[in-house]
Amino acid sequence: MIRGLKIDGKKEMSLSEEIIDFSSPDKVYVPLMNNNTPCDCLVKKGKKVKKGTVIGIRKNMDFPVLSPVSGIVVDIDKCLYLNGEEVPCVVIENDKKETVLKKVLVDDIAKYTKEEFVELLKKCAVTGMGGSDFPTFFKYKSDASFLIVNAVECEPYLTADMMLVKLKAEAILESIDAIRKINNIKKCFIAFKENNDIVRNAFLEYIGRYEDIVLSPVKNIYPMGWERHLVKSVLNLEYERYPSEVGVIVNNVSTIFAIYKALKFQRNITKRIVTITGEGFTEPINVLVKVGTDMSSIIKKIGKYKGEKLKFIAGGPMMGTALSSDHIVVSNNLGAVTIISDTEDYKNECISCSKCVNVCPAKLCPVLIMKNIDNVNELKKLHPELCVECGLCSYVCPSKLGVRDFVVKAKGKVRQ
Ligand code: SF4
Ligand code: SF4
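Residues numbered from 1 in each chain as written. Chains lettered and ligands numbered in written order. Predicted model: local features only at pLDDT ≥ 70, side-chain atom pairs only at ≥ 80, totals over all residues. Heavy atoms only, no water.

In this section: the environment of N252. Tracing the chain through its elements places N252 in strand β14 (residues 248–252). With relative accessibility at 14%, the residue N252 sits in the buried group. Sequence separation of N252 and I92 is 160 residues, and the distance between their C-alpha atoms is 29 Å. The contacts of N252, once residues within four sequence positions are left out, are G130, N150 and D161. (Helix = DSSP H or I, 4+ residues; strand = E, 2+ residues; numbered from the N terminus. Buried < 20%, exposed > 50% of the residue type's maximum accessible area, 1.4 Å probe, protein only. Contact = heavy atoms within 4.5 Å.)

Pasting the structure below:
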């Protein structure tokens, strides 16, 4: 059974016809992080770089960090990353010339061999843009029968993926088709919420060209975008740890677009759409920004903060991370900055209502994990490592105890 809740999407807030282009900042702050793993810095102050120059490396995977701009390295500093921590970053002054390492334009993007494709994803530093930031080449190392493209965007408030589909449905489909041919995948499914006509209509315009790509509407519940839910809903398959066990690859729709850029131009994604939203902001909207942009200046150019005590969240209110300031920098996997009023002071005792247990899609016991937070032996028996950080336990808790934060903390403790 697929567990989830119907929650107010609040997506109309940031949905508009326009997208504001802020993709030419004076400086970028490129985090030396990949999938929460620190990367080594490979450049020094004064080094001239082009778009695509390797500036860092994740050593254990030999995975590069690439420059999103051309210009000059002016500092190695720290920046606020989307996990809420200050991390090392390469500061590059943007010369705004957009000089690339090598100009490439591939006509037939399905012409690559599987080996070339995997190598290209690595070289172009393609990562999971829906949140994980995990190197995408890894998923394609083994064979798969099915590809599920995740265009569900089930997190409330967020509309960046929807906007991308609206603007780039044709290129996304071309990319899916090429991925299918290169990897000998039998069938591809585009999963989207059954009530999302924007996504449905954008794809319907071009999908008739492709026999082996189908639209797959899924229930309008949260967290329907979780891989496990998608694989069950679309293919009626279940797995232990990874979708690859049942021959399935799941990619976020924005990752598919990053793959398109890699296939077509053999370069990294240098910009992305970010939703700026929430009741604490006067002008919710989607913006196109360079990777490494400090969002603070952009937000202030567009509108004003509303209310006294505000909370800045990297991502949406369910799965995102509360930040200490609005100076967050854009990484590949930052889909939104949500600004809402901070009501976290309201904390009571647990009333043992079991709501958090009944709602958990991973079938965990969040209340027990919270109560045993200092007892690692007990925590190990409760398997917090299976938590998908969906935030539903915190959402339903009548005592507003922030249960998810305890489970996330417990995850770290059992892994040590
Ligand atoms: S314990 Fe984790 S998976 Fe379960 S509801 Fe809470 S955040 Fe979601
Ligand atoms: S939902 Fe909140 S109050 Fe209810 S059992 Fe869970 S932690 Fe306790």
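Let us keep going from here.
Side chains bearing opposite charge may pair, as long as their charged atoms lie close to each other. This structure, assessed with the given rule, holds 18 salt bridges. The partner of E98 in a salt bridge is K51, and the shortest N-O contact between them spans 2.6 Å. Of this pair, E98 sits in the loop between β10 (86–94) and α1 (114–123) while K51 is found in the loop between β6 (48–49) and β7 (54–58), placing the two residues 47 residues apart along the sequence. Among the residues examined, E98 registers a relative accessible area of 29% and is labelled partly exposed. Residue K181 pairs with D177 through a salt bridge whose shortest N-O separation is 2.8 Å. Taken as a pair, K181 and D177 lie in helix α2 (residues 160–183) at a separation of 4 residues, close to a single helical turn. Its relative accessible area of 11% is what places D177 among the buried residues. (Salt bridge = Lys/Arg side-chain N within 4 Å of Asp/Glu carboxyl O.)

This part covers helix α4 (residues 227–235). The set of residues buried in α4 consists of H229, L230, V231, V234 and L235. As for α4, its buried residues are in contact with β11 (146–150), β12 (187–193), β13 (213–218) and β14.

Ligand 2 sits among 13 residues. The nearest are C350, C353, S354, C356 and C397. Counted by class, the shell around ligand 2 contains 10 nonpolar, 3 polar and no charged residues. (Near = heavy atom within 4 Å. Nonpolar A, V, L, I, M, F, W, Y, C, P; charged D, E, K, R; others polar.)

This part takes up the site of ligand 1. Within the structure, ligand 1 sits among C360, P361, P366, C387, V388, E389, C390, G391, C393, R404 and V407. The residue makeup of the shell around ligand 1, split by class, is 8 nonpolar, 1 polar and 2 charged.

The next thing to look at is the packing of aromatic side chains. Taken as a whole, this structure holds 8 aromatic pairs when the rule is applied. A ring pair is formed by F146 and F189, whose centres lie 6.2 Å apart and whose planes are at 50°; its orientation type is tilted. In this pair, F146 sits in strand β11 while F189 sits in strand β12, placing the two residues 43 residues apart along the sequence. Grouping residues by exposure puts F146 and F189 together as buried. Ring geometry for Y305 and F312: centres 5.2 Å apart, planes at 70°, overall edge-to-face. Classification of Y305 as partly exposed rests on a relative accessible area of 28%. Accessibility expressed as a relative area gives 12% for F312, which makes it buried. Every member of this aromatic cluster is reached through a ring pair, and the members are F63, F134, F137 and F138. Its guanidinium or amino end placed over the ring of Y112, K111 lies 5.9 Å from that ring's centre, counting from NZ or CZ. (Phe/Tyr/Trp six-rings, centres within 6.5 Å; stacked < 30°, edge-to-face > 60°. Lys NZ or Arg CZ within 6 Å of the ring centre and 35° of its normal.)

The next thing to look at is the packing of α2 against helix α5 (residues 253–265). At a minimum axis separation of 8 Å, α2 and α5 run at an interaxial angle of 60°. The angle between the axes of α2 and α5 places the two elements in the oblique class. Crossing hand, α2 versus α5: left-handed. Taking contact as the criterion, the partners of D161, L164, V165, K168, A171, I172, E174, S175, I176, A178, I179 and I182 in α2 are, on α5, V253, S254, I256, F257, I259, Y260, L263 and K264. Residues belonging to the contact of α2 with α5 are distributed by class as follows: 14 nonpolar, 2 polar and 4 charged. (Axes fitted to C-alpha atoms, helices over the stretch in contact; angles between N-to-C directions. Parallel < 35°, antiparallel > 145°, perpendicular 65-115°, else oblique. Left-handed = near helix turned anticlockwise from the far one by under 90°.)

In this structure, the second largest pocket spans a volume of roughly 380 Å³. The set of elements that each furnish at least two residues to the lining of the second largest pocket consists of α2, α5 and β15 (271–277). Among the elements that make up the lining of the second largest pocket, the one with the highest residue count is α2 (5 residues). Of the residues belonging to the lining of the second largest pocket, the class tally is 9 nonpolar, 3 polar and 8 charged. (1 Å grid on protein atoms, 1.4 Å probe; cavity = no way out; pocket = protein on both sides within 12 Å on 5 of 7 lines; lining within 4 Å. Points joined across faces, edges and corners; volume = space filled by probe spheres on them.)

Within the span of helix α3 (residues 197–204), buried status applies to V199, A202 and F203. Viewed along the axis of α3, the buried residues span an arc of 90°, placing them on a single side of the element. Of the surrounding elements, those touching the buried residues of α3 are α2, β12, β13 and α5. Between a side-chain oxygen at the N-terminus of α3 and the backbone nitrogen of I198 the separation is 3.1 Å; the capping residue is N196. (Arc of directions from axis to C-beta. Polar contact = N/O pair within 3.5 Å; in protein donor to acceptor, adjacent residues only side chain to side chain.)

Remember, this is a structural readout, not a statement about activity or role.
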